[in-house]
Amino acid sequence: MRALKIISYILVIIGALNWGLVGLFNLDLVALIFGDMSLLARIIYIAVGVSAIVSIATTFREIFER
């Protein structure tokens, strides 16, 4: 479970930084590296979204277990 939390946290940070770059400089780093909506870019976007859900679920789980 700890590894899942760490991986999801890292992917959420990557997603947040990417959105920060989009907002500040109109630069989508994922699309720049992997191609605009290529299969690999879509997989990364999906992984970031799933990681956000995992992070939310594990955070609420920890809060309500105490």
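What counts and what doesn't
Residues numbered from 1 in each chain as written. Predicted model: local features only at pLDDT ≥ 70, side-chain atom pairs only at ≥ 80, totals over all residues. Heavy atoms only, no water. Helix = DSSP H or I, 4+ residues; strand = E, 2+ residues; numbered from the N terminus. Buried < 20%, exposed > 50% of the residue type's maximum accessible area, 1.4 Å probe, protein only. Contact = heavy atoms within 4.5 Å. Phe/Tyr/Trp six-rings, centres within 6.5 Å; stacked < 30°, edge-to-face > 60°. UniProt positions renumbered as here; feature names shortened; annotations may be inferred.

(A) Main features of the side chain of Thr 58. Inspection of the secondary structure puts Thr 58 in helix α3 (residues 39-65). The exposure class assigned to Thr 58 is buried, which follows from its relative accessible area of 11%. Look past the residues within four positions of Thr 58 in its chain and what remains in contact with it is Met 1 and Lys 5.

(B) Structural view of the packing of aromatic side chains. With the rule as written, the count across this model stands at one aromatic pair. Consider the rings of Phe 60 and Phe 64, whose centres lie 6.2 Å apart with planes at 15°: the pair is stacked. With Phe 60 and Phe 64 both in helix α3 and four residues apart, this pair spans about one turn of that helix. Exposure remark for Phe 64: the relative accessible area of 65% places this residue in the exposed category.

(C) Just the UniProt feature "transmembrane region" (unreviewed entry) in the protein chain, in detail. Taking the numbering used here, the UniProt-annotated feature "transmembrane region" (unreviewed entry) corresponds to residues 7-27 and 39-60. The straight-line gap between the two end C-alpha atoms of residues 7-27 is 24 Å; of that span, 90% is helix and 0% is strand. With 100% helix and 0% strand, the stretch residues 39-60 has end C-alpha atoms that lie 32 Å from each other.

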